[in-house]
Structure formats: structure tokens, C-alpha cells
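Summary of structural features
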Amino acid sequence: MDTKAFPQPARMALEKFPHVFNDQTLYAGPLGAAWAPGRINIIGEHTDYNDGFVLPAAVDRVAAFAGRMRHDQTIRLWSHHFEAYAQFSLEGLPETFAAQRTDLPGWARYILGVISELRRDGIELHGFDAVVGGDVPLGSGMSSSASLEVSTAEACSFFSNGKFTIGIEGATLTPMQVAAVCQRAEHAASGLRSGILDQAASCIGRPGKAALLDCRSYEYRYIPFDTPGISIMVIDTNVRRELASSAYNERRQQCEEATLLLRDLIAPHDPESAQQITALRDISPAQFTQYKEYLPEILRKRAGYVIAEDERVFQVVAALEQGDIEAVGPILWRGHEGLRDEYQVSCMELDTLVDIAHSVNGVLGARMLGGGFGGCTINLVHNEAIEALSQAVEKYYPERTGRQATIDICRAAGGPGQSVA
Ligand code: ADP
Ligand code: MG
């Protein structure tokens, strides 16, 4: 078996498969693998569910399936990570709530969720047996759940013998349609009303590029993010807080409330523009300045952050298009301040990591990444400063928080893939 073309977790899963599933008579297709990446987000945090803009990049870490299509409707899975089996049938799908399948382990509910949503879209699927692996760190902020969901869709395509294809033209589903299916699966499996960012970033990743995505129209274009001399360091606080998902849903609701209030404030003066307002994305910075004093303080902070963050996305895009990566740094620091002080989704550990990064020469910028209340920070760092930042984190983070951080370096990488072994 020549497995050089496969990402490492796919290779590992391919090697594992014959040891876990070995009844050859079950299979109707060849052994192969499918995978999809995790992501970082350079800027544009909590803007996706406000119909705004994000600037993510897929990373060189993936979730991967390796297996074979079956003759029947059964799906059997073995998770390399959890060292556990899960099994369900395609019969009776779609199901409304993957979360209600408490007989299945959490990781399998994401997979069931995607398969269920594909069926809801009328896509015909086959049973399969697969080993599920991956090297996106779980729960750290690189969106392993999206990598698992998108790789599930890619695996379903692989195990369909060409009947279900994913592509830009003439395929069963476009990459952004797959992202939407996976977003619905995430809602069903986790109860988190998350935006489209994570799944889209995984679906449309390209090596050396970030993607500027309009989360309303789902249009996107690629922005150069191949930055020799600069590294992307992802530093995990190793904090996970239960609070995260309820606070996330609460922020979403506050944004919706702020939108309605602003619309009502604008309507008497400018009825035409007010009619177009359905999300914070529709409020210009000038309009916000004019009406913000009439908002309750909490909503003023939340909306102020989101409206400024959309602006920051375009500032970063302009800097990257001019090849001026240095100019991106200060925008990241400001993004973090907004998340900490106005959106209030940071935590002591995230602030500490950003603070430490600020004190190291050669760090261009850093901010918390993802939903918040734990998870990781993204740091843009001159290669010569990697060592200094690592040492500073290893020394001061435990001193100040009583915890250890995990440091990872990643690159902007390609989207999903599949291949016969
Ligand atoms: P993240 O920020 O990494 O997306 P989440 O809490 O949203 O964190 O998702 C993490 C969960 O996704 C894990 O607990 C697990 O259930 C599932 N998961 C992600 N990747 C894998 C994988 N490769 N194998 C099995 N389960 C995975
Ligand atoms: Mg997730």
C-alpha cells in the first residue's frame, strides 16, 4: 500500500483498519481514506452569526476516516482517539436530534449528525466500516469538531462510489453546501448555535491562503497568507469551561436584541435603510456612533465589538493584499481587547497568554481564538522569536495561572481530500 499522498492521520487509520475490521465478505468497495482540516481564524471572531465577515485558514491538521463501503446500510466506526466502537444504521435517518442518541458516544453523534443531515438533503448513502483518527487537538480552538464533520461528509462521498460528489461545478454539493450541512449537524450534536465559520474554513481551505468569507452570501475569495519568516503559533490555555456554550448562545441573543433596537432607532430617520437591517452586519460604524448612546450598556458593548470587528477583517485583508504582514499585528491586539472588554468572552488564562506574547520582541500580534472562556490564542511570530515566546510561556504561564500551556505551530493548508489506498 503506497500511502505517501495521505496526511499522517489518514495513513495511521489505513494501517489500523485491517486490524479492527477484518470480515472481507462485508465489503463492496476498495479500502481508502477521506479527511478534512481544522482551522484558525486570523480575524473576525463572533462575526459569523451576525452575518458578517471572517478570515480563516485551514491548517495542516486533519480528522481522517479510513475504511470500506459495505453491502448493507450499517455504519460501524472505531475511534482511534477514544479507542471505542460505535454503530448505527442508515435506516430511519434523518433523525431530528443527534444529541438525543445518548446510546452513542459524543464523538459518534457528530458523525451521525452529518449523515442524518445529508439524508435530509436527499442524498443517497451507503453503509461503511471505518477507523476514525485525527491530529486536530480536541477542544483547544482549532475546531476539531468541524474537521470531524467535514471529513464525515467527505468520507460519505468516498464510500458512495462516485454517486455523491463534492465540488464547485456539476457536483452533488458545493463546498459551502457541505459546510451548511455540517453546521446543522454541529447544532444537532452539540446544542451550540454556532455560525458557519468553522465548517466553511475546513471546506474551502487552500495551501498558503486565507479565505475572506461573507457569512451572509457565502461568497468567498482567497487572500495570500503565505508568509515566509512568520509563523502561526497556536497556544492552548488547557482551560475548558462548561460556561462556554451557554454564554455563546447568550451573546447571539444579545446581538439579535441590539440589532432590533438599532433598527427601531434608525427607522424614524431613515426608513429605507432600516428596512434592510436584519443583523449587526447591516449597521455602519457611523450609524452605530450616532445611536449607540440609546442602547443599554451591555448591548452597546456587544454591538460595538461586532461592528468594529467586521472593520478589522477588512483592515487585515488590505494589509495582507499589500504584503504588509507587520500591519496585521496591531489589529490582532485590538481584536483581543474587544473580545476581553466589550464582548467579554475571554478569561484570565487567555489574557495571560496574550499579555506574555505582548512582552516578547518579534511577536507581531496575538488574540484569543474561537468561542472563548478557554481554548487557545493565535500568535503571529517572527521565526527568530518562536524560541523566546515558547520560553516566556513555559516560564510565566504556570507561574501566573498554575497551569501548563500547549504550544503548536501550524500552516495554512488545503481543504478536504479523499483517495483509494
Ligand atoms: P473544538 O474546538 O476542537 O471543535 P469541540 O468541543 O467543539 O472542540 O469538539 C470536540 C469534540 O469533537 C470531541 O470531544 C470529540 O467528541 C469530537 N472530535 C473531534 N475530532 C475528533 C476525532 N478525530 N475523533 C473523534 N472525535 C473527535
Ligand atoms: Mg468545535
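Read on for a plain summary of the structure. Computed from a predicted model, the values in this text were never measured in an experiment.

As a further point, take the overall build of the protein chain. A count of helices and strands for the protein chain gives 12 helices and 13 strands. The C-alpha atoms of the protein chain give 22 Å as radius of gyration, which agrees with the globular expectation for 421 residues (22 Å, within 12%). In terms of its C-alpha atoms, the protein chain occupies a principal-axis envelope of roughly 70 × 55 × 40 Å. Relative to its 421 residues, the protein chain shows a buried fraction of 57%. Per element, the accessible surface of the protein chain, about 17200 Å² overall, is 48% carbon and sulfur.

Looking now at the nonpolar core. Formed by 51 residues in total, the largest nonpolar core has its most connected members in F65, L77, I111, I115, L118 and F128. The contacts of F128, once residues within four sequence positions are left out, are F65, R68, M69, R70, T74, I75, R76, L77, I115, C156 and F159. Within the second largest apolar cluster, 32 residues are counted, among which are M142, C376, I378 and C410.

For ligand 1, the set of nearby residues contains 13 residues, the closest of which are W107, G133, G139, S144 and S145. Between G133 and ligand 1, the recorded distance is 3.2 Å, taken from a backbone N or O atom to a nitrogen atom. Relative to its free-state accessible area of 570 Å², ligand 1 is covered by the protein chains to the extent of 78%. If you tally residues by element for the shell around ligand 1, the top one is helix α3 (residues 144–158), at three residues. In terms of residue class, the shell around ligand 1 is made up of six nonpolar, seven polar and no charged.

We now examine the sheet that holds strand β9 (residues 230–236). Ordered in space as β10-β11-β9-β12, the four strands form an open sheet in which the pairing is antiparallel. Looking at the sheet topology across the chains shown, the edges are occupied by β10 (363–369) and β12 (406–410). The mean angle between the axes of side-by-side strands here comes to 25°, regardless of whether they run parallel or antiparallel. The pairing of β9 with β12 spans five bridges and is classified as antiparallel. Looking at β12, one finds that M233 is bridged to I409. Packing against the sheet, helix α10 (residues 328–342) makes contact with β10 and β11 (376–382), and its axis sits at approximately 30° to β10. Helix-sheet contacts for helix α11 (residues 348–358) involve β9, β10 and β11, and the interaxial angle to β10 is about 175°.

So, about the side chain of R109. Following the sequence through the fold, R109 ends up in helix α2 (residues 106–120). Within the buried core, R109 has no salt-bridge partner, and the shortest N-O distance to an opposite charge, that of D103, equals 6.7 Å. If sequence neighbours within four positions are ignored, R109 has contacts with A98, A99, R101, T102, L104 and A189.

Moving on to the packing of aromatic side chains. Counted according to the given criterion, the structure contains 13 aromatic pairs. Aromatic side chains F53 and F314 sit 4.7 Å apart centroid to centroid with 70° between the ring planes, which places their arrangement in the edge-to-face category. Of this pair, F53 sits in strand β2 (residues 53–54) while F314 sits in helix α9 (residues 297–321), placing them 261 residues apart in sequence. Of the residues examined, F314 reaches a relative accessible area of 37% and is grouped as partly exposed. Put simply, the rings of F17, F21, Y27, W78 and Y85 pair up and form one aromatic cluster.

Let us look at the sheet that holds strand β5 (residues 84–89). What the six strands build is an open sheet, ordered β5-β4-β6-β3-β1-β13; its pairing is mixed. With one partner strand each, in any of the chains shown, β5 and β13 (417–420) form the two edges of the open sheet. Ignoring strand direction, the axes of neighbouring strands in this sheet form an average angle of 20°. As defined by bridge partners, strand β1 (residues 32–41) adjoins β13 across four bridges and the pair is classed as antiparallel.

Cut-offs and rules
Residues numbered from 1 in each chain as written. Chains lettered and ligands numbered in written order. Predicted model: local features only at pLDDT ≥ 70, side-chain atom pairs only at ≥ 80, totals over all residues. Heavy atoms only, no water. Helix = DSSP H or I, 4+ residues; strand = E, 2+ residues; numbered from the N terminus. Rg over C-alpha atoms; globule rule 2.2 N^0.38 Å. Buried < 20%, exposed > 50% of the residue type's maximum accessible area, 1.4 Å probe, protein only. Areas by Shrake-Rupley, 256 points an atom, 1.4 Å probe, with all protein chains shown as cover. Core = buried A, V, L, I, M, F, W, Y, C linked by side-chain atoms within 4.5 Å. Contact = heavy atoms within 4.5 Å. Near = heavy atom within 4 Å. Polar contact = N/O pair within 3.5 Å; in protein donor to acceptor, adjacent residues only side chain to side chain. Nonpolar A, V, L, I, M, F, W, Y, C, P; charged D, E, K, R; others polar. Pairing = 2+ DSSP bridges. Axes fitted to C-alpha atoms, helices over the stretch in contact; angles between N-to-C directions. Lys, Arg positive; Asp, Glu negative; His and termini not counted. Salt bridge = Lys/Arg side-chain N within 4 Å of Asp/Glu carboxyl O. Phe/Tyr/Trp six-rings, centres within 6.5 Å; stacked < 30°, edge-to-face > 60°.

Note that every value here comes from positions in space, so none of it alone points to a role or purpose.
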